[in-house]
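Inside the fold
So you can see what is in the structure, the chains are spelled out below.
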Amino acid sequence: MGVEAHATNERVTGRRWTVRLDPLGRGRADVRVSCSRPACAAQVLPSAAAGRTAAIAHLKADLRAGPAPRPSVHCACRAEECHTHIRPAGPRERPVPWRCGGAVVLAVITDREGRWWQVMECCSRCAAAHPTAKVVATAPAAETSARNDGLRADAGASAAPAVHAPTFSAISPHFSHSATATTDTAVPQQASAPRSAARSAPRSARPTRKRPPRGRIAQRLVPHDLRPVALRDELTELGELFRAYQARSEPDLAMLADLHARKAEAFNAWAEVTADTGLRLDARRAEQAAATARLQHLHRIGQAPDGEGPAVVRLLTAPAQWNHARAVLAHVAENAPLPGAEARLLVVMVTLRTAQSGVGNLVGQDIKGLPLQDPEHLVGQLVESGWLGISGTVEELIASRPENPTRISVPSLTPDEDDPGPFTFGRKLRPKLSGWAQRVVGEKKLRKGRTGADVRLLALALATGADGEGRLGPGGEGIGLDALSSWCSVDPADLPDLVDRLTAADWLAEADVTDTLLTGRLTERVLPLGCPLT
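Source: prediction; values computed, not measured.

1. Comments concerning the sheet that holds strand 1 (residues 16-23)
- Sheet architecture is open: six strands sit in the order 3-2-1-5-4-6, paired in antiparallel fashion. The open sheet has two free edges, formed respectively by strand 3 (43-45) and strand 6 (134-138), since each of these has just one partner strand. Direction aside, neighbouring strands of the sheet carry axes that sit 20° apart on average.
- Bridging between strand 1 and strand 2 (residues 31-35) involves five bridges; their strand directions are antiparallel. Its bridge partner lying in strand 2, Leu21 is registered against Val33.
- In the packing of helix 2 (residues 48-65) onto the sheet, the strands contacted are strand 1, strand 2, strand 3, strand 4 (104-110), strand 5 (116-123) and strand 6, and the crossing angle to strand 1 comes to about 165°.

2. A closer look at unusual backbone geometry
- The linkage connecting Arg227 with the following residue, Pro228, adopts the cis geometry, with an omega of 5°.
- Assignment of secondary structure puts Pro228 in the loop between strand 8 (220-221) and helix 6 (229-246).
- One non-glycine residue, Ala275, lies in positive phi territory at about 55°.
- Structurally, Ala275 can be placed in the loop between helix 7 (253-274) and helix 8 (277-301).

3. Here's the deal with the pattern of salt bridges
- Tallying each qualifying case throughout the model produces 21 salt bridges.
- A salt bridge links Arg353 to Asp366, with the shortest nitrogen-to-oxygen separation between them at 3.1 Å. Of this pair, Arg353 sits in helix 10 (residues 341-354) while Asp366 sits in helix 11 (residues 364-368), placing them 13 residues apart in sequence.
- Judged by relative accessible area, which is 18%, Arg353 ranks as buried.
- A relative accessible area of 24% places Asp366 in the partly exposed class.
- Among the charged side chains, a network of salt bridges with common partners joins Arg220, Asp276, Asp282 and Arg285.

Criteria and cut-off values
In this numbering scheme, every chain counts its residues from 1 along its sequence in written order. Local features are withheld for residues below a pLDDT of 70 in this predicted model, meaning they are given only at 70 or higher, and side-chain atom pairs are given and counted only at 80 or more; totals for whole chains, interfaces and linings count all residues. Computation of side-chain values covers all heavy atoms of the structure but excludes hydrogens and water. For two strands to pair, DSSP has to find at least two bridges joining them. Under the DSSP-based scheme used, a helix requires at least four consecutive residues in state H or I and a strand at least two consecutive residues in state E, with every element numbered from the N terminus. Fitted lines through C-alpha atoms give the axes, limited to the stretch in contact for helices. The angle between two N-to-C directions lies from 0 to 180 degrees. By definition, residues are in contact when any of their heavy atoms lie within 4.5 Å. Here, a salt bridge means any side-chain nitrogen of Lys or Arg that lies within 4 Å of a carboxyl oxygen of Asp or Glu. The cut-offs for exposure are 20% and 50% of the maximum accessible area for each residue type, with area from a 1.4 Å probe on protein chains only; residues under the lower value are buried, those over the upper are exposed, and the others partly exposed.

In structure tokens:
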């Protein structure tokens, strides 16, 4: 009898397994879906979207096939330090069993980027403390030890029948809207049960106190006791709206600008109530974000910032893209491996092809379309210097066609663990920057005028050195000749001739070259190619 009771009371740690989505390698689009359960084999999918769909389907299949949560197990976090518990105010301690509570549930926890999903058999208190937990099933509270005692056989005849554990849906598991909803789970007490039995029920069978939902916005928790109540409700609603916006498949910059404006107003009011300087700084950043999002929206729909008249529809639409374009040109000016305008122009175009990962594709037309006198010799010099690597010979590169491009690499741009590379823009922006540069250097009138590499380098410099109205230099004060001659890799005395050629090509108007400055403005025709100074 004693051995049997000991075996009955022995508790095991709850189950835990993880489904992960991992890239197969740097620069590759395919991904691997793996599950920590021994019986599950890894899958390879062609894209992150397909991998995420397969991972969720695999997770649902595991949940349908697995048993319901067991009421007598220990919380899965008991085996190691639990990060879902609310930490004490004092020094950090290792969690102890009394911090767990409520019914045992099966919860799914995921990261915000959707790279892993962890299933955990834990107590409802731990699930409710985690912001991303979704409860898929709940077990009934453990029966009291008196049920297993043979001495209570007579009392068991008149006691209420036990509540059976719920089972999973045969179709798919149900994810609850909020993990906090499980904190009220308890076995209902029947009127016919003796009062002494109710008092002797274990702590996990008693209903826990329900707390009001707690809002979260910008990594901040909204206090329950924040007053006025309207401010607390506004902050909570804003947090939910921002999370809903992040889940959208398409951006809406007008909506985002309105959300940031509301956030700025709410954070200013919150700062007045709490006298928190950090909240005031967050409010100021929200105001700047609202202004930027509204400006980007106006640029996209072709309206002027003040609402009067049409705005310039630019090839690159956002200030961040303009700054990245200037960063690429500055990097080439400082790290060009060969002198001369032709080498500088070729290095610019190759850099934009390989800027993200250090590798890219090139065809013969990309090089023959540039104003280069001897493209084969120039490419050979770049290869001999070690700056450029190609998969074949120079002749094969010049002869390659779009259906069979040549793989190229630039070692100085290849990121590694110690050096992420000189550029910070994402993979989607790289082809936009490359297309912008091709549009500038291959502009119709520049091609018809048979302008050289030095003129087209000057066109790139002026496209990134004018303000929103096309005036050259900050505030229209002009651009220094020393900077222009260094960028174009020409003598300062040759700049007036280059300026005249750009004026003849209808790129520049009101141009004036002094001893130190070039002033003037870009023509209306080429304003869409500009990257305004901000």
